[in-house]
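Understanding the architecture of this molecule
Given next are the chains, with one letter for each unit.
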Protein chains: 2
Amino acid sequence: MRIAQVAPLTEAVPPRFYGGTERVVHWLTEELVALGHEVTLFASGDSRTSAKLDATWPKALRLDGSVRDPYALHMVMLERVRQKCDDEEFDFLHFHLDYFSWSLFSRQPTPFVTTLHGRLDLPEHQPVFNTFPSAPVISISNAQRRPVPQANWVRTIHHGLPENLLMPKPVSRDYLAVLGRIAPEKRVDRAIEIATRCGIPLKIAAKVDPADQDYYDELICPLITRNPLVEYIGEISDHEKSDFLSGAIGLLVPIDWPEPFGLVMIEAMACGTPVIAYNRGSVAEIIDEGLTGFVVEDEISAVARVDRLTGLDRGAIRKQFEARFTARRMALDYLAAYRGLMEPAEPRIKLVSSAE
Amino acid sequence: MRIAQVAPLTEAVPPRFYGGTERVVHWLTEELVALGHEVTLFASGDSRTSAKLDATWPKALRLDGSVRDPYALHMVMLERVRQKCDDEEFDFLHFHLDYFSWSLFSRQPTPFVTTLHGRLDLPEHQPVFNTFPSAPVISISNAQRRPVPQANWVRTIHHGLPENLLMPKPVSRDYLAVLGRIAPEKRVDRAIEIATRCGIPLKIAAKVDPADQDYYDELICPLITRNPLVEYIGEISDHEKSDFLSGAIGLLVPIDWPEPFGLVMIEAMACGTPVIAYNRGSVAEIIDEGLTGFVVEDEISAVARVDRLTGLDRGAIRKQFEARFTARRMALDYLAAYRGLMEPAEPRIKLVSSAE
């Protein structure tokens, strides 16, 4: 199949730093190529891919200080995709650009779908989905759909990781872990409180965005420096994650926002590490209760579950990861969705055979 | 003619506060209605217009803290315009949204044009105009075009003000004036230096955006407070401008950026007040040298021209405003441009009459 993957230009594919959407697009693209498909990746020129790269701009826009208007280049990219569609270069188009493609591509024949990567509960989302009720969209969790039932939901496809990207390591386990980004909605303060109440060390491997530096300096840093149980080790790369997660008794995900997916949870599972996560957004869909971790409602239930983490079978957690959250499974799900959208719509009137 | 004016949703039309694009769209829309045209204004719901208002969102987005993604609502607005085009509701479409409409409206039959309101010399503008070489565009000064000669320039149409919005007032004149916004590219520091060298009081009627507050506090405020000749009177409304500008010996426009138009210059002329402006961007097109003001290159030539301001004929300045910079003239220019774009393109092969 000739497939176009259209990624944001914000980060490279894969991103040099943090960037969930671009990581997922990368893994999906690599799997589709491995499965024998002819994939064109529309992305920034510093992307690395086994697909054919169509680069609208040489550098990821978040790292390119010369560009003041990133939307200009996204509109250029959509025009490039559209011109290639007009030349019938693709069998299917897969967009990762929210609503930006919908007006333009609803009025041409190549079938397309958009994976929605963000939260959908903001006031502007209601007119968006009321205006584009037929644009086919894929959710990354069922929870993500709730605010906009009027959208043309094709299916939910959970994210997946390359099967061998992160692996269980034979290391001793003596701490709880936090992984990702320090921001108000991630509630690292709760993780510190949970670990402290349990008397177990906490290691925090997380980046701090410039927008969140004040939050970190004023509210989180004091909690870390005055607490001998807590260690802040900064941002870590994929290469360091297997050791970091394998060494953890469990991963704490005490989020306070409608998380659309939450890659860190499946990163932990890939290492056989169980997860304790607050019941927000996708969490209850990702965690198999009592198998790969526990879904909790507050600090009290979180603390109560920490004792039970060591009773979980880490081999079974890894197996559940392999069954549910690999990039190969994700790619096969997407291919099924593409094929469903490529089939001609059901005829409205039942045809009567001439033999009848 | 059934005309759609499609404005940004950022500010109301007209804006409650500063907002050059939305002010111009307002004046143009009012003139087109006065000239008997059937105009639909696509703008925020707090706009005030004699046209039919089509409001995608009730409130100007800059004032609506609940909206986190303004682009979502602009894409909704473009889809609304496109659906009405598909229903053949308009004879002509006039966009004020940069490049956002070009992919979608290049592929439908209703003729359209975009007025470009901003600077065009940023790196992302090259791929934009290379990708959309046939989207018809109107410049607000010839200078604005220079970085992108490859665009499909229809013509330059200078902005205009409603003829009686600002009028000369019989007041005494004893100061130089600065009007608009305090920001690094406006170089109010130069205006202070020029007035001080001339020993003439300077009155600054200008807003300070939150983004420029540090610049004001650190660099401009000290220059004002320690200088007895300089008075900062804050932002003023249109109602106050006639008195403020009429009382000025001249308006100083010591800009240091490629100003695409510069409404303050024609606001001064409407009051019969001459302008001294630095030769950047549009300036040399707007000022009639020695008639409505002087174009200067640096502080030395600016100071030298201040003495000559009182020798200019303020009645002649007002007359030149009426001849060149009224909203009526602007609207008639736009109507001519619309009509030019509505004519069918020249046939490529000359048709031979059957009588020949």
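Above this note sits the structure.
Nothing here was measured: the structure is a model prediction, and the numbers come from that model.

Residues and elements named next belong to chain A. A cis amide bond links Val13 with the next residue in sequence, Pro14, at an omega value of -5°. Within the element layout of this structure, Pro14 appears in the loop between β1 (2-6) and α1 (20-34). In this model, Asp98 sits at a positive phi of 55°, which is unusual for a non-glycine residue. Exposure remark for Asp98: the relative accessible area of 32% places this residue in the partly exposed category.

The operation relating chain A to chain B is a screw motion whose rotation component is 180°, with 0.0 Å of axial translation and a residual RMSD of 0.0 Å. Here the transformation between the copies is reduced to the relation of a two-fold axis. Among all residues of chain A, the minimum C-alpha distance to the rotation axis is found for Leu104(A), at 2.6 Å. When the interface residues of chain A are mapped onto chain B, 100% of them are again interface residues, pointing to one common binding face.

Our next topic: helix α6 (residues 188-198) of chain B. Taken together, the buried positions of α6(B) are occupied by Val188(B), Arg190(B), Ala191(B), Ile192(B), Ile194(B) and Ala195(B). Gly199(B) sits one or two residues past α6(B) and shows a positive phi near 70°.

With 27 residues of chain A at the interface, the matching set in chain B holds 27 residues. With both sides pooled, the region where chain A packs onto chain B buries about 2,700 Å², and carbon together with sulfur makes up 66% of that total. On the chain A side of the contact with chain B, Met75(A), Arg107(A) and Glu124(A) bury the most area, a combined 22% of that side's loss. At the surface where chain A touches chain B, the tally comes to four salt bridges.

With that out of the way, let us pick up empty space enclosed by the protein. Taken as a whole, this structure holds one cavity of 30 Å³ or more when the rule is applied. Looking at the largest cavity, its volume works out to about 70 Å³. Taken together, Met75(A), Leu78(A), Phe100(A), Ser103(A), Leu104(A), Met75(B), Leu78(B), Phe100(B), Ser103(B) and Leu104(B) make up the full set of residues lining the largest cavity. Mapped onto the lining of the largest cavity, the elements with two or more residues apiece are α2 (70-86) and α3 (102-105) of chain A together with α2 (70-86) and α3 (102-105) of chain B.

All names here are of chain B. Read from one edge of the open sheet, six strands run β10-β9-β8-β11-β12-β13, paired in parallel fashion. Each edge of the open sheet carries a strand with a single partner, namely β10 (230-232) and β13 (293-296). The mean angle between the axes of side-by-side strands here comes to 20°, regardless of whether they run parallel or antiparallel. Of the strand pairs in this sheet, strand β8 (residues 175-181) and strand β9 (residues 202-207) are connected by six bridges, and their pairing is parallel.

Right, let's talk about the packing of aromatic side chains for a bit. Each aromatic ring pair is summarised here by two numbers: the centre-to-centre distance and the angle between the ring planes. For the coordinates displayed, the defined rule picks out 26 aromatic pairs over all chains. Each residue in the set Tyr71(A), Tyr99(A), Phe100(A), Tyr71(B), Tyr99(B) and Phe100(B) is aromatic and connected to the rest through ring pairs, giving one cluster. Against the face of Tyr175(A) rests Lys203(A), its NZ or CZ located 4.4 Å from the ring centre.

Cut-off values and rules
Residues numbered from 1 in each chain as written. Chains lettered and ligands numbered in written order. Predicted model: local features only at pLDDT ≥ 70, side-chain atom pairs only at ≥ 80, totals over all residues. Heavy atoms only, no water. Helix = DSSP H or I, 4+ residues; strand = E, 2+ residues; numbered from the N terminus. Buried < 20%, exposed > 50% of the residue type's maximum accessible area, 1.4 Å probe, protein only. Least-squares fit on C-alpha atoms with pLDDT ≥ 70 in both. Contact = heavy atoms within 4.5 Å. Buried area = accessible area lost by both parts, 1.4 Å probe. Salt bridge = Lys/Arg side-chain N within 4 Å of Asp/Glu carboxyl O. 1 Å grid on protein atoms, 1.4 Å probe; cavity = no way out; pocket = protein on both sides within 12 Å on 5 of 7 lines; lining within 4 Å. Points joined across faces, edges and corners; volume = space filled by probe spheres on them. Pairing = 2+ DSSP bridges. Axes fitted to C-alpha atoms, helices over the stretch in contact; angles between N-to-C directions. Phe/Tyr/Trp six-rings, centres within 6.5 Å; stacked < 30°, edge-to-face > 60°. Lys NZ or Arg CZ within 6 Å of the ring centre and 35° of its normal.

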